[in-house]
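# Report on the structure
Single-letter residue listing:
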Amino acid sequence: MDKLLRRLRYLLNRRRFDDELANDLEFHREMAALAGGKPVGDPLRLREEAREAWGWTWIDRLGQDLRYATRLLRKSPGFTCAAILILAIGIGANVAAFGFFNLMVLRPLPVREPATLLHFQRQAPAGYASVLPYPEFDFFRRHTTTLSGLIARSRGSLQMEGDEKPLKVHFVSANFFTELGTSATLGRLLDPTRDEAAGADPVVVLSRGFWQRRFGADPSLPGRIIHLNGKPVTVVGVASDETSSLALEIPDLWIPVTQHPHLVAGSKLLTDYSVESAGEEVWGRLKPGLTPKAAEEELRSLAAALRAEHREGIWENETLPSEPGGYVTSILGRAHHGTGTKDPSEIVPVASLIVALVLLILAVACGNLGSLLLARGVAREREISIRVSVGAGSARLIRQLLTESALLGLLGSAAGLGVGQLIMSGLMSATSTPAWLDPSPDWRVLLFCASMGLFSALLFGVTPAFQVVRQRHRATRTRQILISAQVAASCVLLIVAGLLVRALTHASADPGFEYRQVVTIDPELGNHNYSAAQARTYLDTLQGRLRSLPGIEAISLSSAPPFGNKTITMGSEFDGRVLKIRMNNVDPLYFETLRIPLRRGRNLAAGDPNSLVVSQSLAELAWPGQDPLGKPFDVAGRQHTVVGIVANAHVTSQQDKSAAEAYFLATEADLPSMVVLVRTSASPESLVPTLSSLAKALDPRVMPDVQLMKNSFQRRLQGTQYGVLSVGILAFIALFLACLGIVGLIAYAVSQRTKEIGIRMALGARPANIIMTVMRQFAQPVGIGLLIGAGAAAALSQVLRKILFGLGPLDPVAYFSAIGLFTLTVALASLFPARKALRVDPMQALRND
């Protein structure tokens, strides 16, 4: 420790120590001269020995190496610019990927004390759910001692007077903004003491965007009364958009959840314990000094106490597992519930795939730059030989070459930081992310960027440094390995991009049913406290009026319509295997409306509530090698019988070709939550206003959500489309870099074999033979690279299985198309340097020797 402190002291006072040493040496030299004695020695050597003793000589040497490397790079501006450009592309892609990961996982949300915020979900042996019934939330809020506050949020829509389109509304607990630390742009925000009290006047807070769009940023708006669903509501303020609202989609309005029954006629949100209710997403703020485990234990005991009073609504042995609530990952995903075990998160495999793809880009870039350094080593042969002859050892030369690579890597990382920011800003602008999701780099991104620069320097610099120092620049094995690596990485990216393009095309063409002429009408009767009998009356009347319209072909009901926001999953065990089954309650006309073919057996029939129709995938997974018809199927202790098998339609999970789906006959109890599906023979767009008017006319309180199913399908595919675009860009960048590297190496090979080519031409060799002679040495590494790339793509594409929309991960069209595209592009690009060989003058080539 004393030694380290002494060295740090010298480092911090280096200039003073150097001056003192110089003065001491000068003093001793003068004294020795006056005394006529022996000289004290070489001052420069003595100063270097002193610095060695102080322990920081390596800083001086590093500085010398950096200055020398800087001079060399400045002397070769073309090479320097090309190297920085290549690294900027490779590192920039990785910086962009890490930047998104940082935004999604590592960077806290811009809210007050994000580290103390927890997000809760329900879990029990009977099932799981992402939302809590409001009464359960309210019970926890009143009795918790480990949480300083609980926040609730549910989504909905309200019709504003004078507007055709419903507004997106978040019904929140009144402490929502206080707990998040949100400030008001105008007026005030929700106040728990005023806006949640009994008899409080209805109030609303506007989002900044809605305030600007709808009211022209009118500063006098607070205090004005607007009408939502025909009810007067007072605008109290406008929320700032600089703080997260715990959702990536910014709503138009925030309203206290206690006002839900006032604004939504018949709403039973505040009293409904059922898992089918809209429920509340719940966050809690942990008290200082307590752990999430303590909060979970307390909520578990509170849930058990509440179950004693409401056995029908609270599950037995219910727990409330938590996750960090101050990060973007806690606000992703849709509302879901089901039985059995919860599906694993899809973020990990997707993130792994992205990491693998961007690292491939970096591998291509480093392989390319390594090849350039090998070729550049030939030009430095004389310099290296001179330095060796004056005593420079291999270690000293390698250190100098690695310093040059490190300098290049850091310059490339600086440029890559800019490229990464451009990519992030462009993608976030294209996807309309909220303003508070700030893509600017923080210390994690800067550290990652610098690390990638040094890591890249090792990748592209180590092998060329040893080759150059050992004077093995003519060895081709290293270059061939680098070529194979570039080809393999490019091939993987092209194949993955090809698979995604094929999958998107396949999904757009055939999701398993005919959706283009279907319109969905969701009257949300359950939110208006419709009883089963009232819902039956409403739905029967609506269907009767719809059938009287021209252009209507079929009408049916479904609890989980295709491409909707509702998913019901059930875990069932078959011969020791647990299958996750997507459940859907439908009426007998469902398959006709969506044109899902019946493969075997019969359809569901009215008056047969214990019948069940399964998809072909479920039949094959649950009863392999057996006849599924007549098999019993248990659902929550109730026995059903399989009466029919339909084609795989992927109506609730169209990404997974092996998704198991089960269709049950809807019961009277299901009717308040049913959605109407309408198949039209005419243009569905032209019928939407009519269908919406009919649904509203039956009950003015109902604000039906009318959607074209093809629009819902396109929204569901949007994520895949962005993925295809991103991977496609990466693939073509890799192809460009690989072509650039191979073209450069062919040009280098031509320059090295000029004499041989001249002799061959003098002896009468044909142009085709000359080109084959030049190109032959690259055929083997390219072929090996293609084989490795195809194998790696086959392994990597297993991650994509769930988004291939029915395609296999070994789809031959994607593989052969990608390999063909790569081979053709590289062959065409190689012709330009290869033609240089045909222009060699035999006589001139022989004279140059």
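As the structure is a computational prediction, the values presented were derived from the model and not from experiment.

## Considerations on the overall build of the chain
Broken down by element type, the chain carries 25 helices and 24 strands. Burial statistics for the chain: of 849 residues in total, 49% are counted as buried. Pairs at least 24 apart in sequence give 80% of the contacts found in the chain among residues at least 6 apart. For the chain, the exposed surface amounts to about 39000 Å²; the carbon and sulfur share of it is 59%.

## What about the nonpolar core?
Inside soluble globular proteins, nonpolar side chains tend to come together where they are buried. Membership of the largest hydrophobic core comes to 74 residues, with the highest contact counts inside it found for Leu357, Ile596, Tyr663 and Phe822. Counting residues domain by domain, this core receives three or more from each of domain 3 (347–507 + 716–847) and domain 4 (518–715). Counting residues in hydrophobic clusters, the runner-up holds 43 residues, among them Phe140, Val204, Trp211 and Ile255.

## Focus on unusual backbone geometry
The backbone of Asn229 shows a phi angle near 50°, a positive value even though the residue is not glycine. With respect to the helices, strands and loops of the structure, Asn229 is situated in the loop between strand E8 (225–228) and strand E9 (231–239). According to the relative accessible area criterion, Asn229 is buried, its value standing at 18%. Positive phi outside glycine occurs at Arg595, with the angle close to 55°.

## Observations regarding the side chain of Arg107
Mapped onto the secondary structure, Arg107 falls in the loop between helix H5 (77–106) and strand E1 (117–120). Polar side-chain contacts of Arg107 include one of 2.5 Å to the backbone oxygen of Asp438. A distance of 3.4 Å separates the side chain of Arg107 from the side chain of Asp442, its partner in a polar contact.

## Some details on the packing of helix H6 (residues 134–143) against helix H11 (residues 292–309)
Orientation of H6 relative to H11, taken along the N-to-C sense of each, is 120°, at an axis distance of 10 Å. Considered as vectors, H6 and H11 are oriented oblique to each other. Pair H6 / H11 crosses with right-handed handedness. Where H6 approaches H11, its residues Glu136, Phe139, Phe140 and His143 are matched on the opposing element by Glu298, Leu299, Leu302, Ala303 and Leu306. Across the contact of H6 with H11, the residue classes break down as 6 nonpolar, 1 polar and 2 charged.

## Describing the confidence of the model for the chain
Here the chain averages 82 in pLDDT, while 89% of its residues score no lower than 70. Element-level pLDDT for the chain is lowest in strand E13 (residues 336–338), with a mean of 64, against a maximum mean of 94 in strand E10 (residues 253–256).

## Regarding the pattern of salt bridges
Side chains that differ in sign of charge can pair as their charged atoms come close. Applying the stated criterion to the full structure yields 28 salt bridges. The closest approach of N and O atoms between Glu685 and Lys710, which form a salt bridge, is 2.6 Å. Taken together, the residues Glu685 in helix H20 (residues 684–698) and Lys710 in helix H21 (residues 709–752) connect sequence positions 25 residues apart. On the basis of relative accessible area, Glu685 is assigned to the partly exposed category, the value being 38%. What makes Lys710 partly exposed here is its relative accessible area of 24%. In this structure, a network of salt bridges that share partners links the residues Arg112, Glu113, Glu179 and Arg285.

## Overview of the environment of Cys739
Its place among the elements puts Cys739 in helix H21. Between the C-alpha atoms of Cys739 and Leu828, which are 89 residues apart in sequence, the distance is 9.4 Å. Those residues in contact with Cys739 that lie beyond four places of it in its chain are Thr825, Val826 and Ala829.

## Examining a nonpolar patch on the surface
A surface patch of nonpolar side chains, about 350 Å² in accessible area, is lined by Phe27, Met31 and Leu34. On the secondary structure map, Met31 appears in helix H2 (residues 14–35). Judged by relative accessible area, Met31 falls into the partly exposed class, the value being 43%.

## Focus on the environment of Arg753
With respect to the element layout, Arg753 can be found in the loop between H21 and helix H22 (754–762). Those residues in contact with Arg753, other than ones at most four positions away along the chain, are Thr773 and Gln777.

## With respect to the pairing of strand E19 (residues 611–615)
Of all 5 residues that make up E19, 5 are buried, and the element is covered over most of its length. The two faces of E19 match: Ser611, Val613 and Ser615 on one face and Leu612 and Val614 on the other face are all buried. When E19 meets strand E21 (residues 638–646), the two strands line up parallel, connected through 5 bridges. Following the sheet pairing, Val613 is matched in E21 by Gly644. Strand direction decides the pairing type here: E19 and strand E22 (residues 660–665), joined by 3 bridges, are antiparallel. Following the sheet pairing, Leu612 is matched in E22 by Phe664.

## Observations concerning empty space enclosed by the protein
One pass over the structure, following the stated rule, counts 5 cavities of 30 Å³ or more. Roughly 140 Å³ of internal volume is contained in the largest cavity. Taken together, 14 residues line the largest cavity, and the ones lying closest to its centre are Leu373, Arg376, Arg380, Leu401 and Glu404. Of all the elements in the fold, those that place two or more residues in the lining of the largest cavity are helix H12 (347–379), helix H14 (394–430) and helix H15 (443–469). Among the residues forming the lining of the largest cavity, the class breakdown is 8 nonpolar, 3 polar and 3 charged.

## Side note on the packing of helix H17 (residues 532–547) against H20
Running from amino to carboxyl end, H17 crosses H20 at an angle of 145°, the nearest separation of the two axes being 10 Å. The element H17 and its partner H20 pack so that their crossing is right-handed. Residues Tyr538, Thr541, Leu542, Arg545 and Leu546 of H17 touch H20, and the partners they reach there are Leu691, Leu694, Ala695 and Leu698. Classifying every residue of the contact of H17 with H20 by side-chain character gives 7 nonpolar, 1 polar and 1 charged.

## Structural notes on the environment of Arg194
Its location among the elements puts Arg194 in helix H8 (residues 192–195). Between the alpha carbons of Arg194 and Ala174 there is a distance of 8.8 Å; along the sequence they are 20 residues apart. Beyond its immediate sequence surroundings of up to four residues, Arg194 is in contact with Arg188 and Ala200.

## A short note on the packing of aromatic side chains
Counted according to the given criterion, the structure contains 16 aromatic pairs. Pairing Phe574 with Phe633 gives two aromatic rings, centres 6.0 Å apart and planes at 45°, and the pair type is tilted. Highlighted residues: Phe574 in strand E16 (residues 567–574) and Phe633 in strand E20 (residues 632–635), separated in sequence by 59 residues. Of the residues examined, Phe633 reaches a relative accessible area of 2% and is grouped as buried. Measuring from ring centre to ring centre gives 5.6 Å for Tyr590 and Phe591, while their planes differ by 80°; the resulting arrangement is edge-to-face. Each of the two residues, Tyr590 as well as Phe591, counts as buried. Lying over the aromatic face of Trp315, Arg122 brings its terminal NZ or CZ to 4.1 Å of the ring centre.

Here is what the cut-offs are and how they apply
- Residues numbered from 1 in each chain as written.
- Predicted model: local features only at pLDDT ≥ 70, side-chain atom pairs only at ≥ 80, totals over all residues.
- Heavy atoms only, no water.
- Helix = DSSP H or I, 4+ residues; strand = E, 2+ residues; numbered from the N terminus.
- Buried < 20%, exposed > 50% of the residue type's maximum accessible area, 1.4 Å probe, protein only.
- Contact = heavy atoms within 4.5 Å.
- Areas by Shrake-Rupley, 256 points an atom, 1.4 Å probe, with all protein chains shown as cover.
- Core = buried A, V, L, I, M, F, W, Y, C linked by side-chain atoms within 4.5 Å.
- Domains from an automatic or database assignment.
- Polar contact = N/O pair within 3.5 Å; in protein donor to acceptor, adjacent residues only side chain to side chain.
- Axes fitted to C-alpha atoms, helices over the stretch in contact; angles between N-to-C directions.
- Parallel < 35°, antiparallel > 145°, perpendicular 65-115°, else oblique.
- Left-handed = near helix turned anticlockwise from the far one by under 90°.
- Nonpolar A, V, L, I, M, F, W, Y, C, P; charged D, E, K, R; others polar.
- pLDDT = per-residue confidence, 0-100.
- Salt bridge = Lys/Arg side-chain N within 4 Å of Asp/Glu carboxyl O.
- Patch = residues over 30% accessible without salt bridge, like charges linked within 9 Å, V, L, I, M, F, W, Y side chains within 5 Å.
- Pairing = 2+ DSSP bridges.
- 1 Å grid on protein atoms, 1.4 Å probe; cavity = no way out; pocket = protein on both sides within 12 Å on 5 of 7 lines; lining within 4 Å.
- Points joined across faces, edges and corners; volume = space filled by probe spheres on them.
- Phe/Tyr/Trp six-rings, centres within 6.5 Å; stacked < 30°, edge-to-face > 60°.
- Lys NZ or Arg CZ within 6 Å of the ring centre and 35° of its normal.

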